[in-house]
Every structure is written in structure tokens, then in C-alpha cells.
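One letter stands for each residue in the lines below.
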Amino acid sequence: MTETSVESPPDPDRDGAVLWPIISPRLARIAGIADNKAGQPGGTFREWPLPEILPEIAAQAGRAVEGYDRLLAPAPPGAAQPWLMQLGVLTAGGNVSVADAKLKAALYEYHLRQPAFCFSDSALRDAAARFKFFPSFAELNEFLNEVAAPYREARNRLAEIGRIKAERDRKTSPSTDEQRAWVTRFLNSAFKRVPKTGGS
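Residues numbered from 1 in each chain as written. Predicted model: local features only at pLDDT ≥ 70, side-chain atom pairs only at ≥ 80, totals over all residues. Heavy atoms only, no water.

*Asks:* Is there a simple way to think about the overall build of the chain in this case?
*Replies:* Per the secondary structure count, the chain includes 7 helices and 0 strands. Counting from the amino terminus, helix and strand elements in the chain follow one another as α-α-α-α-α-α-α. For the chain, contacts bridging at least 24 residues in sequence account for 78% of all contacts bridging at least 6. Working note: accessible area of the chain is about 12900 Å², and carbon and sulfur atoms make up 56% of it. (Helix = DSSP H or I, 4+ residues; strand = E, 2+ residues; numbered from the N terminus. Contact = heavy atoms within 4.5 Å. Areas by Shrake-Rupley, 256 points an atom, 1.4 Å probe, with all protein chains shown as cover.)

*Asks:* For this particular structure, what's the right way to read the environment of A159?
*Replies:* Tracing the sequence through the fold places A159 in helix α6 (residues 137-172). You can call A159 partly exposed: its relative accessible area is 26%. It is 6.7 Å that separates the C-alpha atoms of A159 and G62, two residues lying 97 residues apart in sequence. (Buried < 20%, exposed > 50% of the residue type's maximum accessible area, 1.4 Å probe, protein only.)

*Asks:* Teacher, can you tell me more about helix α5 (residues 121-130) here?
*Replies:* Given 3.6 residues per helical turn, the α-helix brings residues three or four places apart onto the same face. Residues of α5 that are buried include every one of A123, L124 and A127, and no others. Along the axis of α5, the buried residues cluster in a sector spanning 100°; they form a single face. (Arc of directions from axis to C-beta.)

*Asks:* Help me understand unusual backbone geometry in this model?
*Replies:* The phi dihedral of R113 is positive, around 55°, even though this residue is not glycine. Secondary-structure assignment places R113 in the loop between α4 (98-112) and α5.

*Asks:* Can you help me understand the packing of aromatic side chains in this one?
*Replies:* What characterises a pair of aromatic rings is the spacing of the ring centres plus the angle enclosed by the ring planes. Using the criterion set out here, one finds 5 aromatic pairs in the structure. For the pair Y108 and F134, a centre-to-centre distance of 5.5 Å together with 55° between the ring planes defines the contact as tilted. Taken together, the positions of Y108 in helix α4 and F134 in the loop between α5 and α6 put the pair 26 residues apart, joining distant regions of the chain. You can call Y108 buried: its relative accessible area is 10%. (Phe/Tyr/Trp six-rings, centres within 6.5 Å; stacked < 30°, edge-to-face > 60°.)

*Asks:* Is there a simple way to think about helix α3 (residues 81-90) in this case?
*Replies:* Those residues of α3 not exposed but buried are W83, L84 and L87. Projection of α3 onto a plane perpendicular to its axis shows the buried side chains occupying an angular sector of 95°, all on one side.

*Asks:* What am I meant to see in the confidence of the model for the chain here?
*Replies:* Detailed reading of the predicted model is not advised wherever pLDDT is low. When pLDDT is averaged along the chain, the result is 76, and 66% of the positions lie at 70 or above. The secondary structure element of the chain with the lowest average pLDDT is helix α7 (residues 176-193), at 63, and the one with the highest is α5, at 96. Here residues 1-16 is a poorly scored stretch, pLDDT under 50, and it has 31 contacts once near neighbours within four places are set aside; other chains count. (pLDDT = per-residue confidence, 0-100.)

Quick look at the structure:
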């Protein structure tokens, strides 16, 4: 029976379309990732040992990890600055000139190195509700790590599935020495069964 892949529904609250990796229901269950919002774990990750991991499931997990790695990469230069400027408006920060605000936003963005999806409208509202004053770098970095944490966890869960599959294959596959020994035993057995011809 072929499983139909499901994809996270579009989130109108985000700036632009975020193309999350497509994950089948079976892989979502194994990894503990909620089907209704790809990337956000929904439940407890299965205790080891995991059930049998079919090759196609491991391959799908590997492709999903590559997709998450792209999405979890730092936002491109300039992408977070409007978000940071809006946060400055929504929080108290004293009398700061526009030039100083832009410089601060540029420095924060350069050193934060957070994914682009962290700088969404919903995250902006949550940040403005949490911080009365414009947060320090450490405070804001901690907040954005919380935003990205479920997706990083999902990526790591998927990567662990691939690692376990590879480890199981390595343990069940005969080593080169074992294969060589088997061939030697087979040939010795075969030679013993070959009838001798001629002789005295």
C-alpha cells in the first residue's frame, strides 16, 4: 500500500511561502512529527529500538534532513532587519536615532544568524509581548532559539532515523573478513567433493 505524502498547510502569518519538506504519515509517526504542521514534533519520540526502518523510509528521511538544513540556514543579509526595526518600535528603547536603530539592527542580524522563518509576524508579536524594552542580544537570541527549536529537533530526529538504519545495516552485513572466510570454506568443501581421477 502506497502512502500519500502530506505537506504542512500554508501559514498566512509568515512572510512569503515556507516550503517545508514533504513527510509521509509513516515517517511522521516514526519521527514523532505532527502531520498537521510539518517540522513541529507532536508527541514523544519513540523509545529505541525503533521498528524496522525500510530503505524508502530512510531515503525519505535523508531528503527531509537536506530540506531542513536549507530552511534552518541563517537568513540572507537584510532579511531580518525590517523585523528588528519593527520590534524596536513595539518595545521601549529610549530616544534612538534612525541611524543608530539601523546600525543596531544590522549588528543584531549579523551575529544572530537565525533562520528566515524565525522572523515572522507571529514571532514578532510574541517577542513584543515578552519584552517591555528592546531585548539585549542574549535575550533575543534565546527567544529566536525557542522559535527554531521544534524544527531543529525534527531535523535531528529525522537524521537519527538515517543513522540508526545505517548502523543496523552495518551490523547485519557480513564484513569483508567474514565474506572471505565463507568463500574459503565453500571452496575447501567443494574441492573435497571433487572425485579424484587417474592415479595408481
